[in-house]
Amino acid sequence: MFIAKVLFYGMFGICCLLSLYFFLSPVNNILYHSFVRTSENVIFLIAALVLSGGLYWSYQIVQGTEKYWNGFGVLVLGLIVSILIILIGLLFFNGPLKWN
């Protein structure tokens, strides 16, 4: 039980930081890097929403039933899905790459 709690709270902290980064990266791009494509900002916001949904869902699982392994699994699943969204979005929906 102790290992499950440690893994859950460690992954919860990592996912919180990544979600914060995914939310603030488009803000940074808009303010300081005007050359970044709008699709990149949208992809990061979608990934942030997916990861935030996983955070909320895992928090509800742990608070309601104290099933830390299930909450940890939801966090890992949310992290994997958000990373896949970023990879697929940036590779296929961001437009052609230009190598200078």
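Right above here is the structure, for reference.
These numbers come from a predicted model, not from an experiment. (Residues numbered from 1 in each chain as written. Predicted model: local features only at pLDDT ≥ 70, side-chain atom pairs only at ≥ 80, totals over all residues. Heavy atoms only, no water.)

Draft legend 1. Spatial organisation of the overall build of the protein. The helix and strand inventory of the protein stands at 3 helices and 0 strands. Scanning the protein from its N terminus toward the C terminus, one meets helices and strands in the order α-α-α. Against the compact-globule benchmark of 13 Å for 100 residues, the protein has a radius of gyration of 16 Å, which places it well outside the compact range. Principal-axis analysis of the C-alpha atoms places the extent of the protein at approximately 55 × 25 × 20 Å. In the protein, which comprises 100 residues, the share counted as buried stands at 33%. The contacts in the protein between residues at least 6 apart in sequence include a share of 73% that link residues at least 24 apart. (Helix = DSSP H or I, 4+ residues; strand = E, 2+ residues; numbered from the N terminus. Rg over C-alpha atoms; globule rule 2.2 N^0.38 Å. Buried < 20%, exposed > 50% of the residue type's maximum accessible area, 1.4 Å probe, protein only. Contact = heavy atoms within 4.5 Å.)

Draft legend 2. Representation of the side chain of Ser82 within the structure. Position of Ser82 among the secondary structure elements: in helix H3 (residues 68–92). Take Ser82: its relative accessible area is 0%, and that puts it in the buried class. When neighbours within four sequence positions are excluded, Ser82 is seen to be in contact with Phe22, Ala47, Val50 and Leu51.

Draft legend 3. Examining the environment of Ala4 more closely. Relative to the helices and strands, Ala4 is located in helix H1 (residues 2–32). When its relative accessible area of 1% is taken as the criterion, Ala4 is described as buried. Once the C-alpha coordinates of Ala4 and Phe72 are considered, the two residues, 68 residues apart in sequence, prove to be 7.7 Å apart. Those residues in contact with Ala4 that sit more than four places away from it in its chain are Tyr68 and Trp69.

Draft legend 4. Representation of the packing of H1 against helix H2 (residues 38–65) in the model. It is at 9 Å that the axes of H1 and H2 come closest, and there the two elements cross at 155°. Judged by the angle between their axes, H1 and H2 are roughly antiparallel. Along this stretch, H1 crosses H2, giving a crossing that reads as left-handed. Looking at side-chain class alone, the contact of H1 with H2 contains 19 nonpolar, 5 polar and 1 charged residues. (Axes fitted to C-alpha atoms, helices over the stretch in contact; angles between N-to-C directions. Parallel < 35°, antiparallel > 145°, perpendicular 65-115°, else oblique. Left-handed = near helix turned anticlockwise from the far one by under 90°. Nonpolar A, V, L, I, M, F, W, Y, C, P; charged D, E, K, R; others polar.)

Draft legend 5. Expanded view of H2. Between its terminal C-alpha atoms H2 stretches 41 Å, which fits the 40 Å expected from 28 residues at 1.5 Å a residue. Among all positions in H2, only Asn41, Ile43, Phe44, Ala47, Ala48, Leu51, Gly54, Leu55, Ser58, Ile61 and Val62 are buried. Check the buried side of H2 and you find it contacts H1 and H3. (Expected span 1.5 Å × (residues − 1).)

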